[in-house]
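Chain and residue survey
For reference, the chains in residue letters:
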Amino acid sequence: MAPLRSGAQGLSPVTLCCVTLAVWLCCGAHTEASVLNLKRFIGCAVREFTFLARKPGCGGLHISTDACWGRCETWEKPVLDPPFIESHQRVCTYNETRLETVQLPNCSADVDPSYTYPVALRCDCGVCLTSTTECITSV
């Protein structure tokens with residue numbers, strides 16, 4: 001009895017099934033592992049983000065840029081002297097950036113269509129600086 005043929009390459013159904021399983025294990029498992037690694041990642045890294053750039057008098061524009069993303073080690077412990085707590089709080093923040101400018105669409109005649117935003121080149125865990133980062137000081 002002749003083996004069954006599948007597709008233009010003439011692969012048997014068993015071979016085709018094995019190839020499909022191998023691709024799924026390699027690619028599918030890698031994707032799942034990447035998601036798990038991001039959930040457990042401690043540190044700070046450059047990651048691509050997309051946001052909607054807007055300003056009054058102009059239309060919006062979706063922009064993809066690199067920004068800082070991550071979790072940094074923080075801790076607090078009680079101490080006997082005021083303020084009775086010692087803390088070590090770091091945030092994932094920009095270490096090095098460059099500025100890029102785009103032109104927003106459909107701006108009114110009296111509105112400058114230029115929109116400037118930072119692109120992260122390097123990110124690190126560091127002290128939160130209100131000059132470059134929105135810092136939460138109370139909950």
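Structure shown above.
Residues numbered from 1 in each chain as written. Predicted model: local features only at pLDDT ≥ 70, side-chain atom pairs only at ≥ 80, totals over all residues. Heavy atoms only, no water.

Glancing now at the overall build of the protein. Summing up its helical and strand segments, the protein has one helix and six strands in all. Sequence-ordered secondary structure for the protein, helices as α and strands as β, is α-β-β-β-β-β-β. Here the protein holds 139 residues, and the buried ones make up 15% of them. Total accessible area computed for the protein in this model is approximately 10700 Å², and 58% of it derives from carbon and sulfur atoms. (Helix = DSSP H or I, 4+ residues; strand = E, 2+ residues; numbered from the N terminus. Buried < 20%, exposed > 50% of the residue type's maximum accessible area, 1.4 Å probe, protein only. Areas by Shrake-Rupley, 256 points an atom, 1.4 Å probe, with all protein chains shown as cover.)

Moving on, we get to the nonpolar core. In terms of nonpolar packing, the biggest core is built from eight residues, these being Ala 53, Cys 58, Ile 63, Leu 104, Val 111, Tyr 115, Tyr 117 and Val 119. Setting aside anything within four residues of it in sequence, one finds Tyr 115 in contact with Phe 51, Ala 53, Arg 54, Ile 63, Glu 100, Thr 101, Val 102 and Leu 104. Within the second largest apolar cluster, six residues are counted, among which are Cys 44, Cys 72, Ala 120 and Cys 123. (Core = buried A, V, L, I, M, F, W, Y, C linked by side-chain atoms within 4.5 Å. Contact = heavy atoms within 4.5 Å.)

Right, let's talk about the state of the cysteines for a bit. Under the definition given, this model contains four disulfides. With a sulfur-sulfur separation of 2.1 Å, Cys 68 is cross-linked through a disulfide to Cys 123. Here the disulfide of Cys 68 and Cys 123 is left-handed, its torsion about the S-S bond being about -85°. A residue pair is termed long-range when its members are at least 10 positions apart, and Cys 68 in strand β2 (residues 61-71) and Cys 123 in strand β6 (residues 114-126) qualify at 55 residues. Each of the two residues, Cys 68 as well as Cys 123, counts as buried. (Disulfide = S-S within 2.5 Å.)

Turning our eyes to something else, we now look at the pairing of strand β3 (residues 75-78). Bridge count for β3 against strand β4 (residues 85-88) is four bridges, and the pairing is antiparallel. When the sheet's bridge partners are listed, Lys 77 is paired in β4 with Glu 86. Linkage of β3 to β4, two consecutive antiparallel strands, is achieved through a turn of six residues, within which Phe 84 is found at a positive phi near 70°. (Pairing = 2+ DSSP bridges.)

Geometric descriptors of this kind do not, in isolation, establish any biological role.
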